[in-house]
Amino acid sequence: MQIQNLNFSDAIAFISAIACIAGLLLLSGANSAEVNELEEAEQNLLQMSFTYWLLYCTCLGLQKITLPDWEVLLMSLKLTAALSYFLTFACILCLPLHRFAVRQVEE
């Protein structure tokens, strides 16, 4: 097992993974007794975006570890990273759209 050279973007991904863990801990500690459906949906979208980004950072980190004869694992890590990246983008895009839809219903 050998670790490839790490660069600045890998350090940013590592810091981002730590920030995602902190964000998930803050969101899990912010549960209040009276939460309506709309706030719960927003909290779920935030949790999903943090979780998907954490998965993306984890896949990037695991791609740096080189094992002999693990091309299939490397390909599945790349595919998982791409899917989690797009899911993160979708969750981040859905959050303001959800808020916009809620404001239109209230009016």
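The structure presented is a predicted model; accordingly, all values stated were derived computationally and were not measured.

## Points about helix α1 (residues 8-29)
- The first and last C-alpha atoms of α1 sit 32 Å apart over 22 residues, in line with the 32 Å expected at 1.5 Å per residue.
- Restricting attention to buried positions, one finds in α1 the residues D10, A13, S16, A17, C20, G23 and L27. Down the axis of α1, the sector holding all buried residues measures 125°, keeping them to one side. Pointing more than 90 degrees away from the buried face of α1 are the exposed residues F8, F14, I15, L25, L26 and G29.
- Close packing links the buried residues of α1 with α2 (37-63).

## Regarding the pattern of salt bridges
- Taken as a whole and assessed by the stated rule, the structure comprises 2 salt bridges.
- Note that D10 and K64 form a salt bridge whose closest N and O atoms lie 3.5 Å from each other. Here the residue D10 occupies a position in helix α1, and K64 occupies one in the loop between α2 and β2 (65-66), the gap between them amounting to 54 residues.
- Residue E42 is joined to R99 by a salt bridge in which the shortest nitrogen-to-oxygen separation is 3.5 Å. Here R99 lies in helix α3 (residues 71-106) and E42 lies in helix α2, a separation of 57 residues in the sequence.

## Quick notes on the packing of α2 against α3
- Viewed as axis vectors pointing N to C, α2 and α3 meet at an angle of 160°, and their least axial separation amounts to 8 Å. Viewed along their axes, α2 and α3 adopt a mutual orientation that is roughly antiparallel. Crossing geometry of α2 relative to α3 is assigned as left-handed.
- Residues that form the contact of α2 with α3 fall into these classes: 21 nonpolar, 6 polar and 3 charged.

## Observations regarding the environment of L73
- Structurally, the position occupied by L73 is in helix α3.
- Owing to a relative accessible area of 35%, L73 belongs among the partly exposed residues under this scheme.
- Through-space distance from the C-alpha of L73 to that of Q63 is 9.0 Å; in sequence the pair is 10 residues apart.

## Some words on the environment of F14
- Inspection of the secondary structure puts F14 in helix α1.
- A relative accessible area of 56% means that F14 is categorised as exposed.
- Between the C-alpha atoms of F14 and G61, which are 47 residues apart in sequence, the distance is 7.8 Å.

## Description of the side chain of T88
- Mapped onto the secondary structure, T88 falls in helix α3.
- Here W53 takes part through its backbone nitrogen, which lies 3.3 Å from a polar atom of the side chain of T88.
- Beyond its immediate stretch of four places on either side in the chain, T88 contacts S49, Y52 and W53.

Quick notes on the rules
- Within any chain, residue numbers begin from 1 and follow the written order of that chain's sequence.
- Local features are withheld for residues below a pLDDT of 70 in this predicted model, meaning they are given only at 70 or higher, and side-chain atom pairs are given and counted only at 80 or more; totals for whole chains, interfaces and linings count all residues.
- The side-chain figures draw on all heavy atoms in the structure; neither hydrogens nor water molecules are used.
- By the criteria applied, helices consist of DSSP H or I runs no shorter than four residues and strands consist of E runs no shorter than two, each listed in order from the N terminus.
- Expected helix span is computed as 1.5 Å times (number of residues minus one).
- Working definition: with a 1.4 Å probe on protein chains only, accessible area under 20% of the residue-type maximum means buried, over 50% means exposed, and in between means partly exposed.
- It is the directions from the helix axis to the C-beta atoms that the arc portrays.
- Note on contacts: a residue pair qualifies if any of its non-hydrogen atoms lie within 4.5 Å across the two residues.
- Any Lys or Arg side-chain nitrogen located within 4 Å of an Asp or Glu carboxyl oxygen qualifies as a salt bridge.
- Lines fitted to C-alpha atoms define the axes, with helix axes restricted to the stretch in contact, and inter-axis angles between N-to-C directions lie between 0 and 180 degrees.
- Angles are sorted into four bins: roughly parallel if under 35 degrees, roughly antiparallel if over 145, roughly perpendicular if 65 to 115, and oblique for all others.
- In a left-handed crossing the near helix is turned counterclockwise from the far helix by less than a right angle, and in a right-handed crossing that turn is clockwise.
- Three residue categories are used. Nonpolar comprises Ala, Val, Leu, Ile, Met, Phe, Trp, Tyr, Cys and Pro, charged comprises Asp, Glu, Lys and Arg, and polar comprises the others, including Gly.
- A 3.5 Å cut-off defines polar contacts: any pair of N or O atoms within that distance qualifies, except that in protein one atom must be a possible hydrogen donor and the other a possible acceptor, and neighbouring residues in sequence count only when both atoms are side-chain atoms.

Shape descriptors only; they carry no functional weight alone.
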